[in-house]
Structure formats: structure tokens, C-alpha cells
Amino acid sequence: MSFTELNVQSFRMINDLGKQFEGFNPLMTLIAENMIFVLAAAVVFFLFSRKAVNRLMIVTGFIALIFAEAGGKIAGSFHSNNQPFAELSEVNKLIDMGVNNSFPSDHTIIFFTMTVSFWLFKRKFHYYWVVLAFVVGFSRIWAGVHYPADVAAGALIGAGTAFLAYRFIPNLSFMKKLVKTEEYKNLPGNEMKNY
């Protein structure tokens, strides 16, 4: 079985769940379209909180997101495919949108970049953000607007970029000024020790 066939077969398996369990379609549509606003609200909340480490987290996440989106555009120049609803028949399409290159998934890039940043900076109990990112990616397949490969590539680009940004960005001298010494040394895993 070729990669394309596996991708299509995996898409069918997930997307067809919307035909079998129609009662979940409104929820999946809500998640696929509107969960981005929940993420935006969290970003605003953390950005304007009193903890300087939260501002460091958001700034690092935004820098990671810029690189992740650039990486997504580069990946999209090497491989492209339209949304499944534009290429396949009998797709359970739940979202109205124009046809364009759906590889990789921008929604997934955004979610994984920011939520992995949240998790890296605030390990305790913040894994649920990463779980939410997986749910959003899954909902985009369920809604018929992305193939599993689109979502997987977006997740890898977003998570990988967030991890690299976490390792390097906070250690830049101008970034250290955003955080008090005590907060900086107490970041999860005490991985950034060059303060």
C-alpha cells in the first residue's frame, strides 16, 4: 500500500465516523472551527498575567510560531494537496471553505506550537493543552478539511519548533530581562541554566 493510499484510507476511517455518529458532528465542527478562539484567549490571559515567566512563554511561543509557519510554507512547497472534500467523493464535509493547499495543516501548526510551549514552560497539569491540540487535529479530519498527513506534518512542525524555541530563545540576553532570576531558575526541569 502506497503512502497516498494509506493517507486516504486513514482519512476515510476517521471522516466516516461523522456518518456513523452524526450526533458528534456539531461538537466536532465547533472544535474544528472555534477552538482557536479558546487558544487566543489563553494567550491573552498568560500575556497579561502578573508572572513574568508567562510573558516569556508567550513571546517564545510567538517566535516559534513564526518559524513554524515559515516551515509549513516550505513543506507546502515540496508537497501539496487540496482538501479531501475537493479531491474525494462522499466526504463528510462539515466546514465551508475555499479550496487550496491543505498540507500541512495551519490550524495544527498553530495549536501544537503554542500548546507545546505551554506544556514545556508549565509542565504540571498543562499536558491537557497538548491533548486539546490532538483533538483539534482529529476534528479537522472528521470535518473533511484535512488528511491525516496534513495534521501529522503540522503537529511535527509545530511541536518541533516549540521545543527548539524553548531550548534556545529564553537563553538570549534580551529575553532574560523579561523574567526574574528566581522564576527563570525554577522553569520546568531547570533546563535553562545559563542565567
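Read on for a plain summary of the structure. (Residues numbered from 1 in each chain as written. Predicted model: local features only at pLDDT ≥ 70, side-chain atom pairs only at ≥ 80, totals over all residues. Heavy atoms only, no water.)

To continue, consider the overall build of the protein chain. Along its length, the protein chain carries 10 helices and zero strands. For the protein chain, the sequential pattern of α-helices and β-strands runs α-α-α-α-α-α-α-α-α-α. Relative to its 195 residues, the protein chain shows a buried fraction of 49%. Restricting to contacts in the protein chain with at least 6 residues of sequence separation, those with at least 24 account for 75%. Of the roughly 10300 Å² of accessible surface on the protein chain, a fraction of 66% belongs to carbon and sulfur atoms. (Helix = DSSP H or I, 4+ residues; strand = E, 2+ residues; numbered from the N terminus. Buried < 20%, exposed > 50% of the residue type's maximum accessible area, 1.4 Å probe, protein only. Contact = heavy atoms within 4.5 Å. Areas by Shrake-Rupley, 256 points an atom, 1.4 Å probe, with all protein chains shown as cover.)

Once that is clear, we can look at a nonpolar patch on the surface. A cluster of nonpolar side chains, Trp119, Tyr127, Tyr128, Val131 and Val135, forms an exposed patch at the surface whose accessible area comes to about 470 Å². The biggest single contributor to the nonpolar patch is helix α7 (residues 127–142), with four residues. Looking at the secondary structure, you find Val131 in helix α7. Judged by relative accessible area, which is 45%, Val131 ranks as partly exposed. (Patch = residues over 30% accessible without salt bridge, like charges linked within 9 Å, V, L, I, M, F, W, Y side chains within 5 Å. Salt bridge = Lys/Arg side-chain N within 4 Å of Asp/Glu carboxyl O.)

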